[in-house]
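Here is how the chains run, residue by residue.
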Amino acid sequence: MLNRLFRPRPAQLAGRALYARSVAPAREPALYERLGAPDTPEGRFELYTLHVVLLLDRLQRQGDTAGEVSQALFDAYVKSLDDALREMGVGDLSVGKKMRRLGEAFFGRAKSYLAAFAALPDRAPLEALLARTVYAEADPGREGPLADYVLTQREALARQDLDRLLAGEVEWIKP
């Protein structure tokens, strides 16, 4: 009985699985080597955030179950950020402040990505966003190929079966 009481809900399991499956493409060496994303904690944060936002965008307005999975995906993302800060040696007293800044950054990025997606087929807002976030500390002019990657991923996610996504299964396209 206790096992059933404390067992995670299916949406929680799916959200955790989607997050775990969004980490792999964010770590794809080609994003750093060929597309020039900075291989720094900030660069990785931007790519993790990008992949999570792509999934949240796909699940948006898809019903109550998708809403629960989206929330679980976000919760797994936040827990991972907290764990990463602690592994990097950030003290307990500072973690809360840093998490607040990261949370604000995430919500700002999510809002900006959704606005850039709404502006499509005009790619300029997406490329400008990538230039000031992912490539903020890198050479300018690399945002075009990353924008291609983002749009390819977004289109691929749109074609994926919603039930598979709600079960925590996602397929990413290699860069």
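Scroll up to find the structure.
Residues numbered from 1 in each chain as written. Predicted model: local features only at pLDDT ≥ 70, side-chain atom pairs only at ≥ 80, totals over all residues. Heavy atoms only, no water.

**Considering unusual backbone geometry**
- With omega at 20°, the peptide bond leading from Leu120 into Pro121 counts as cis.
- With respect to the helices, strands and loops of the structure, Pro121 is situated in the loop between α6 (92-118) and α7 (124-132).
- For Arg61, which is not glycine, the phi torsion reads 60° and is therefore positive.
- The class for Arg61 is exposed, based on a relative accessible area of 71%. (Helix = DSSP H or I, 4+ residues; strand = E, 2+ residues; numbered from the N terminus. Buried < 20%, exposed > 50% of the residue type's maximum accessible area, 1.4 Å probe, protein only.)

**Looking at the environment of Gly103**
- Among the secondary structure elements, Gly103 is positioned in helix α6.
- With 22 residues separating them in the primary sequence, Gly103 and Leu81 have C-alpha atoms 9.5 Å apart.

**Some points on helix α5 (residues 64-87)**
- Between its first and last C-alpha, α5 extends 35 Å over 24 residues, near the 34 Å set by a 1.5 Å rise per residue.
- Within α5, the full set of buried residues consists of Ala66, Val69, Ser70, Ala72, Leu73, Phe74, Ala76, Tyr77, Leu81, Asp82 and Leu85. (Expected span 1.5 Å × (residues − 1).)

**Things to note about the pattern of salt bridges**
- What the rule picks out here adds up to ten salt bridges.
- Connected via shared salt-bridge partners are Arg123, Glu127 and Asp148. (Salt bridge = Lys/Arg side-chain N within 4 Å of Asp/Glu carboxyl O.)

**With respect to the packing of aromatic side chains**
- Under the counting rule described, the total for this entry stands at seven aromatic pairs.
- Taking the centre distance of 6.2 Å and the plane angle of 70° together, the rings of Tyr19 and Tyr77 count as edge-to-face. Taken as a pair, Tyr19 in helix α2 (residues 10-26) and Tyr77 in helix α5 lie far apart in primary sequence, 58 residues in all. Taken as a pair, Tyr19 and Tyr77 share a single burial class, namely buried.
- Three or more aromatic residues joined by ring pairs form one cluster here, namely Tyr19, Phe74, Tyr77, Phe106 and Phe107.
- Just above the ring of Tyr32 sits the side chain of Arg44; from NZ or CZ to the centre is 5.0 Å. (Phe/Tyr/Trp six-rings, centres within 6.5 Å; stacked < 30°, edge-to-face > 60°. Lys NZ or Arg CZ within 6 Å of the ring centre and 35° of its normal.)

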